[in-house]
Amino acid sequence: MLATLTLPAGYEMPALQRARTVRVRSADELRSALRHAREHSLTLDGSGLDRVLRFDSERGMIEVQAATPWSTLVSYLASRNVPLEAFSRTSGLPATVGEAVSQAAAGPDGLPVSAHVVAMTLVTPDGELRRADRCSNRELFGLALGGQGVIGVLYSLTLSTDSLRRSAAEAIEPVELSIAQTKIAPAADCAIECLVPPSELDAYLREIRSIVEERRLALHAISVHRTQSDRHAFLSPARQEWARVQLRFGLKSTLGASVGAAELRRLLLDAALKRGGSFPIRDLRDATRRQLEACYPMLGAFLAEKRRSDPADRLQNGWYRQLRAKLRCEPCEVRWGR
């Protein structure tokens with residue numbers, strides 16, 4: 001859980017200094033750090049925000065700090081007869097609750113973790129502590145769900161334990177597809193995830209195999225996961241249900257192979273888009289600007305809200321810097337429709 005607070009563009013520093021790392025463990029420390037960043041660039045380490053704050057068994061809600069590991073939450077609720085073991089086994093789920101919410105990552109039944117959030121407390125780039133839910137500060141709430149951590153720094157999340165319990169009870173194991181053995185030399189693992197409508201899954205898998213055979217790739221594994229969208233998350237793909245296809249293939253450790261892998265990812269994304277598909281926006285590695293705007297037409301409006309709330313562009317992370325680099329050539333078109 002790292003974020004970088006930078007100085008405003010054009011700010012003249014008396015001496016060029018490397019941003020120091022500030023570790024925070026409370027809401028006051030988090031707010032103080034962001035206010036301090038108005039004058040000093042810093043790297044924020046929120047890994048110490050890892051505690052369960054309160055549990056309301058009567059209302060079926062639990063509040064945890066954003067960097068709380070799933071293992072901690074599962075263990076805490078297990079001792080209170082709320083079984084959530086499936087969350088510990090969910091493939092691809094980020095290690096902490098806050099990361100999973102920021103990415104709108106899929107839980108054990110395919111429903112995004114963000115759908116279990118009742119309310120959140122976050123600190124905005126100007127150092128203000130704000131609380132948001134589905135009724136109060138709805139716009140901020142929707143922007144932060146699946147917002148990749150660039151709208152504000154999450155301090156705590158209040159989750160519905162009943163909703164979490166249902167998700168765990170209805171867990172769906174991913175489907176691992178068998179791969180015919182080839183004589184192609186083994187290589188390091190490289191992966192990509194694409195989203196396709198369930199009705200287009202078979203056709204997409206056939207095209208994957210055709211592409212792999214044509215390029216003589218070492219295909220290591222294909223898995224298919226059921227994934228749904230969170231309609232409350234601003235950056236969520238519009239379709240309510242997807243088949244999330246994870247493809248792992250071999251990559252040799254050469255520059256040419258790396259370039260080829262990037263081309264392959266773009267090709268597979270295009271094949272998914274051709275069938276009404278998309279991709280998880282958390283992974284921007286090789287998506288083109290055209291693919292980004294086709295899958296996330298609301299991206300321009302999201303960035304406009306980011307600029308409005310953070311005009312100095314102080315709150316950044318690796319995802320945001322990568323996105324900005326892709327859109328640097330020309331302003332992204334603002335589209336407010338979903």
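Bear in mind that the values here come from a model prediction, so they are computed numbers and not experimental data. In this numbering scheme, every chain counts its residues from 1 along its sequence in written order. Predicted model: local features are reported for residues with pLDDT of at least 70 only, side-chain atom pairs are reported and counted for 80 or more only, and whole-chain, interface and lining totals are derived from all residues. The basis for the side-chain values is all heavy atoms of the structure; hydrogens and waters are excluded.

## As for the pattern of salt bridges
(1) Moving on: Take a side-chain nitrogen of Lys or Arg and a carboxyl oxygen of Asp or Glu: if they are within 4 Å of each other, that pair is a salt bridge. Tallied over the entire structure, the rule returns 17 salt bridges.
(2) Moving on: One salt bridge in this structure joins Arg-54 and Glu-63, with 3.0 Å as the shortest N-O distance.
(3) Moving on: Accessibility here uses a 1.4 Å probe with only protein chains present; expressed as a share of the type maximum, an area under 20% marks a residue as buried, one over 50% as exposed, and anything in between as partly exposed. Looking at Glu-63, the relative accessible area reads 11%, which means it is buried.
(4) Moving on: Arg-285 is paired through a salt bridge with Asp-283; the nearest N and O atoms lie 2.8 Å apart.
(5) Moving on: Residue classification places Arg-285 among the partly exposed positions, given a relative accessible area of 38%.

## Some details on the packing of aromatic side chains
(1) Moving on: When two rings of Phe, Tyr or Trp (its six-membered ring) have centres within 6.5 Å they constitute a pair, described as stacked for plane angles under 30 degrees, edge-to-face for angles over 60, and tilted for the intermediate range. Under the definition given, this model contains 4 aromatic pairs.
(2) Moving on: Look at Phe-55 and Tyr-76: their rings are 6.2 Å apart centre to centre, the planes differ by 90 degrees, and that puts the pair in the edge-to-face class. Of this pair, Phe-55 sits in strand β4 (residues 52-56) while Tyr-76 is found in helix α2 (residues 70-78), placing the two residues 21 residues apart along the sequence.
(3) Moving on: Here Phe-55 falls in the partly exposed class, since its relative accessible area comes to 26%.
(4) Moving on: Since its relative accessible area comes to 23%, Tyr-76 is described here as partly exposed.
(5) Moving on: Look at NZ for Lys and CZ for Arg. If either is within 6 Å of the ring centre and within 35 degrees of the ring normal, a charge sits over the ring. Positioned above the aromatic ring of Trp-242, the side-chain terminus of Arg-239 is 5.5 Å from the ring centre.
(6) Moving on: Directly above the ring of Tyr-320 sits Lys-306, whose terminal nitrogen or CZ lies 4.9 Å from the centroid. Only DSSP runs of H or I covering at least 4 residues are called helices, and only runs of E covering at least 2 are called strands; the numbering of each starts at the N terminus.

## Some points on empty space enclosed by the protein
(1) Moving on: Lining residues are defined by having an atom within 4 Å of a point belonging to a cavity or pocket. Those points lie on a 1 Å grid over the protein atoms alone, cavities being sets where a 1.4 Å probe fits but cannot get out and pockets being open sets with protein on both sides within 12 Å along at least five of seven lines. Grid points are joined across faces, edges and corners, and a volume is the space filled by probe spheres set on the points. Taken as a whole and judged by the stated rule, the model has 2 cavities of 30 Å³ or more.
(2) Moving on: In this structure, the largest cavity encloses a volume near 300 Å³.
(3) Moving on: Along its surface, the largest cavity is lined by 26 residues, and Gln-103, Ala-104, Ala-105, Pro-280 and Arg-282 are the ones closest to its centre.
(4) Moving on: Among the secondary structure elements, those contributing two or more residues to the lining of the largest cavity are β11 (219-228) and β12 (241-251).
(5) Moving on: Residues are grouped as follows: nonpolar covers Ala, Val, Leu, Ile, Met, Phe, Trp, Tyr, Cys and Pro; charged covers Asp, Glu, Lys and Arg; every other residue, Gly included, is treated as polar. The residue inventory of the lining of the largest cavity, partitioned by class, reads 14 nonpolar, 9 polar and 3 charged.
(6) Moving on: Of the pockets and cavities examined, the second largest cavity occupies roughly 50 Å³.
(7) Moving on: For the second largest cavity, the full set of lining residues is Ser-102, Leu-122, Ala-144, Gly-147, Gly-149, Val-150, Ile-151, Gly-152 and Leu-154.

## Regarding the pairing of strand β2 (residues 20-23)
(1) Moving on: Alignment of β2 against strand β3 (residues 42-45), held across 4 bridges, turns out to be parallel. Paired with Val-22 across the two strands is Leu-44, which belongs to β3.
(2) Moving on: Look down the strands so they point away from you; if the path from the first strand over the helix to the second goes clockwise, the crossover is right-handed. For the segment spanning β2, helix α1 (residues 27-36) and β3, crossover handedness is right-handed. Note on pairing: DSSP must find at least two bridges between two strands before they are called paired.

## What about the sheet that holds strand β7 (residues 129-133)?
(1) Moving on: Read from one edge to the other, the open sheet built from 5 strands follows the order β4-β5-β8-β6-β7, with strand pairing classed as antiparallel. Two strands bound the open sheet, and with one partner strand each, they are β4 and β7. Put simply, the sheet's adjacent strands are angled 15 degrees from each other on average, direction ignored.
(2) Moving on: As paired strands, strand β6 (residues 117-123) and strand β8 (residues 153-160) are joined by 6 bridges and run antiparallel to one another. Counted as the bridge partner of Met-120 is Leu-157 from β8. Axis definition: a line fit to C-alpha positions, over the contact stretch in the case of helices; interaxial angles, taken between N-to-C directions, run 0 to 180 degrees.

## Observations concerning α2
(1) Moving on: For α2, the full list of buried residues reads Trp-70, Leu-73, Val-74 and Leu-77. All buried residues of α2 project into a common sector of 100 degrees when viewed along the axis, lining one side.
(2) Moving on: Throughout, a residue-residue contact means that at least one pair of heavy atoms, one from each residue, lies within 4.5 Å. On the buried face of α2, the contacting elements are β4, β5 (61-65), α3 (85-89), α4 (97-102), β8 and α6 (161-169). The directions from the helix axis to the C-beta atoms are what the arc is built from.

## Quick word on the side chain of Glu-63
(1) Moving on: Looking at the secondary structure, you find Glu-63 in strand β5.
(2) Moving on: Pairing of N or O atoms within 3.5 Å defines a polar contact, subject to two protein rules: one partner must be a possible hydrogen donor and the other a possible acceptor, and residues neighboring in sequence count only if both atoms are side-chain atoms. Among the polar contacts listed, one links the side chain of Glu-63 to the side chain of Ser-156, at a separation of 2.7 Å.
(3) Moving on: In this structure Glu-63 touches Val-52, Leu-53, Arg-54, Thr-121, Arg-131, Ser-156, Leu-157 and Thr-158, once residues within four positions along its chain are discounted.

## Looking at the side chain of Ser-236
(1) Moving on: Inspection of the secondary structure assignment puts Ser-236 in the loop between β11 and β12.
(2) Moving on: Judged by its relative accessible area of 7%, Ser-236 is buried.

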